[in-house]
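Report on the structure
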Amino acid sequence: MNDGTTLPAAMAPDPDLLYSEDEDALRAAVRSLLAARSDPATVLAGLQSDVAYDTGLWHSLATEIGTAGLLVPEKLGGAGATAREAAVVLEEIGRAVAPVPYLTSAVLAVTALLGCEHDRADVAASLAALAEGRTVGVLAVPLPTAPGGLSGPASVRADAGGALTGRVTSVADAAAAELLLVPAQGPDGPALYAVDPSAGGVRTDTVTPLDLTRPLGHLTFDGAPGRLLATGDRAGATVDRALLTGAGLLASEQLGVAEWCLAETVRHTAERTQFGRPVGSFQALKHRMAALWLDVASARAAARNAADALATESPDAPVAVAVAQSYCAPVAVRVAEECVQLHGGIGMTWEHPAHLYLKRAKSDELALGSPGRHREALAGLVGIAAP
């Protein structure tokens, strides 16, 4: 359980890739909720509305089941769970392509705040609000930003009075944000500020993303009032830790996307017949699906290893995350593409949900670092430099 204490490397347990009884129970609760409230027809209908996300579903998921506070220690108002439990939730969100800001608020924003001085009353209050699902937080970085990707000059600057000026593009769930955590270049170097998006000087411009279930927006700050959370090396480490955690847990969402696509493809090819036989019994198709099963099984091992490394604060967590993102992102895209292809003509229609999964897989492939960016990072981490 997460009590906010970092384990020494020598005490870190061996990787555990299996699911515990508590994790299975959590999965059952989340899957039951999403099956009842976020079936494909409901998701498709919601995309034609102007709402940033499904607020009713988010309330049930975040507050009633309590998943928003999984990463928050109990002494700060959370559930005191770990990245392993959050990974299970993201697997189910991926299986349902649910339009909720879990990755952005319950993972990225929460992890960023945990890196700040949470014995400060204002930081503790913000963490409690996120943990209870009362507030949606967003880390204001472009969605493709990889761990370590903010080492250059920040696009937002802050003056001595904490007024922020600048622009951040392609921020996931920007329109849903009720609390913005903004990396900026302050008077004394890198810093992290909390900004109220409803305050004067903040403008959010929505854009049309590839994945309509995870909206993007451009944020413009023009003298917006910010509350200083962290400065210097601590600010940089805080943002980098949030990005690393987000990238590692995103692999579980990609796993969920791939699992749904494979299961739906197997179901469809077992029911559709040609020449008096299910089309899935033909060698040309069943061998393709067998290859996909191997990909998904391997992706599960990579994603679980990353989640376990993050949960145990293993020193190998950067390697595990780089491996997971290098492998799971292309697997999700490949399985989703095969899902569309093996469904034939119906897979190309708007009414069939296969396109939702392909778009989520393609968007996730670029989110928090592309596979190529993570392979490059992995080469450096294990000491195999590119020629």
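This section reports on the structure supplied with the text. Quick caveat, the model's predicted, so the values are computed rather than measured. Note on numbering: residues in each chain are counted from 1, in written sequence order. Side-chain atom pairs in this predicted model are given and counted only at pLDDT of 80 or more, local residue features only at pLDDT of at least 70, and totals for whole chains, interfaces and linings cover all residues. As a rule here, side-chain values come from all non-hydrogen atoms in the structure, and water together with hydrogens is ignored.

Describing the overall build of the chain
To keep things clear, this is the line we draw: The helix count covers DSSP runs of H or I at least four residues long, the strand count covers runs of E at least two residues long, and both are numbered beginning at the N terminus. With C-alpha atoms as the basis for the radius of gyration, the globule rule is written as 2.2 Å multiplied by the number of residues raised to the power 0.38. Relative accessibility under 20% of the residue-type maximum defines a buried residue, over 50% an exposed one, and the middle range a partly exposed one, all with a 1.4 Å probe and only protein chains included. Contact criterion: two residues are considered in contact whenever any of their non-hydrogen atoms come within 4.5 Å of each other. Here, Shrake-Rupley sampling with a 1.4 Å probe gives the accessible areas, and only protein chains in the shown set may cover a residue. This count recognises Lys and Arg as positive and Asp and Glu as negative, with His and chain-terminal groups excluded. Charged side chains are reduced to one point each, which is NZ for Lys, CZ for Arg, CG for Asp and CD for Glu.
When its secondary structure is counted, the chain shows 11 helices and nine strands. Its C-alpha atoms give the chain a radius of gyration of 21 Å, near enough to 21 Å, the size a compact globule of 387 residues would have. Burial analysis of the chain (387 residues in total) assigns 52% to the buried set. Considering only contacts in the chain between residues 6 or more positions apart, those separated by 24 or more positions represent 76%. When the accessible surface of the chain is split by element, carbon and sulfur atoms take 56% of a total near 16100 Å². Across the chain, the 28 positively charged side chains and the 43 negatively charged ones have centroids separated by 6 Å.

What about the packing of aromatic side chains?
For clarity, the threshold we go by: Side-chain rings of Phe, Tyr and Trp (the six-membered ring for Trp) are treated as a pair once their centres are within 6.5 Å; stacked means planes under 30 degrees apart, edge-to-face means over 60, and tilted covers the remaining angles. Criterion for a charge above a ring: Lys NZ or Arg CZ within 6 Å of the ring centre, and within 35 degrees of the ring normal.
Applying the stated criterion to the full structure yields one aromatic pair. Ring geometry for W260 against Y357: centres 3.8 Å apart, planes inclined by 0 degrees, an arrangement best described as stacked. Of this pair, W260 sits in helix α7 (residues 232–271) while Y357 sits in helix α10 (residues 354–366), and the two are 97 residues apart along the sequence. Y357 sits in the buried class, given a relative accessible area of 2%. Just above the ring of Y19 sits the side chain of R27; from NZ or CZ to the centre is 4.6 Å.

What about the side chain of S105?
Put simply, the rule is: Any pair of N or O atoms that falls within 3.5 Å is considered a polar contact. Within protein, one atom must be able to donate a hydrogen and the other to accept it, and sequence-neighbouring residues count only if both atoms are side-chain atoms.
Within the element layout of this structure, S105 appears in helix α5 (residues 102–114). Of the polar contacts made by the side chain of S105, one reaches the backbone nitrogen of G137; its length is 3.0 Å.

Here's the deal with unusual backbone geometry
One non-glycine residue, D173, lies in positive phi territory at about 60 degrees. With respect to the helices and strands, the residue D173 is situated in the loop between β3 (163–172) and β4 (179–186). With phi around 55 degrees, F275 is a residue other than glycine that occupies positive phi space. Relative to the assigned elements, F275 resides in the loop between β8 (273–274) and β9 (277–278). Overall, F275 belongs to the exposed group, its relative accessible area being 74%.

Observations concerning the pattern of salt bridges
Worth spelling out the cut-off: A side-chain nitrogen of Lys or Arg and a carboxyl oxygen of Asp or Glu constitute a salt bridge if their distance falls within 4 Å.
Counting across every chain of the model gives 24 salt bridges. Close ionic contact of E259 with R95 constitutes a salt bridge, the shortest N to O distance being 3.6 Å. Of this pair, E259 sits in helix α7 while R95 sits in helix α4 (residues 83–96); the two residues are 164 residues apart in sequence, bridging distant segments of the chain. A relative accessible area of 12% places E259 in the buried class. For R95, a relative accessible area of 21% translates into the label partly exposed. Put simply, R334 and D295 hold a salt bridge, and the shortest N to O gap is 3.2 Å. Placement of R334 in helix α9 (residues 317–342) and of D295 in helix α8 (residues 283–311) is noted, with a sequence separation of 39 residues between them.

Considering the pairing of β3
This is how the line gets drawn: Only strands joined by at least two bridges in the DSSP assignment are considered to pair.
The pairing of strand β2 (residues 156–158) with β3 spans three bridges and is antiparallel. Of the residues in β3, the one forming a bridge with R157 is T165. Count of turn residues in the β2/β3 antiparallel hairpin: four residues, of which G162 carries a positive phi of about 85 degrees. In terms of strand pairing, β3 meets strand β7 (residues 216–231) through eight bridges, oriented antiparallel. Counterpart to V171 in the pairing with β7 is G217.

Looking at the nonpolar core
A general feature of soluble globular proteins is that nonpolar side chains tend to end up buried together. What counts is decided by this rule: For this analysis, a nonpolar core means a set of buried residues of the types Ala, Val, Leu, Ile, Met, Phe, Trp, Tyr and Cys, connected via side-chain atoms within 4.5 Å.
If you look at the biggest cluster of nonpolar residues, it comprises 97 residues, and the most contacted ones within it are Y102, L139, L181 and L249. It is α7 that contributes the most residues to this core, 15 residues altogether. One finds V156, Y193, V195 and F221 within the second-largest nonpolar core, a separate group that totals 19 residues.

Considering empty space enclosed by the protein
Note the threshold: For each structure, a 1 Å grid was placed over the protein atoms alone; sets of points admitting a 1.4 Å probe that cannot get out are labelled cavities, open sets with protein on both sides within 12 Å along at least five of seven lines are labelled pockets, and lining residues have an atom within 4 Å of a point. Grid points are joined across faces, edges and corners, and a volume is the space filled by probe spheres set on the points.
Counting across every chain of the model gives one cavity of 30 Å³ or more. Roughly 90 Å³ of volume is contained in the largest cavity. Lining the largest cavity, in full, are L103, T104, L108, V138, L139, V141, P142, L143, V171, A172 and L368. Contributions of two or more residues to the lining of the largest cavity are made by α5, β1 (137–139) and β3. Top element by residues in the lining of the largest cavity is α5. It accounts for three residues.

Quick word on the side chain of D308
Tracing the backbone shows D308 in helix α8. Within the structure, the side chain of D308 is placed 3.3 Å from the backbone nitrogen of D16, a separation counted as a polar contact. Contacts of D308, omitting those with residues within four sequence positions, involve D14, P15, D16 and R84.

What about the state of the cysteines?
What we call a disulfide is simply a covalent bond connecting the sulfur atoms of a pair of cysteines. Formally: The rule for a disulfide is simple: a pair of cysteine sulfur atoms within 2.5 Å.
Applying the stated criterion across every chain, the model contains zero disulfides. The cysteine C261 is free of any disulfide, with C339 supplying the nearest cysteine sulfur at 4.4 Å.

With respect to the environment of D308
Overall, D308 belongs to the buried group, its relative accessible area being 5%. Considering only alpha carbons, one finds D308 and G77, 231 residues apart in sequence, at a separation of 23 Å.

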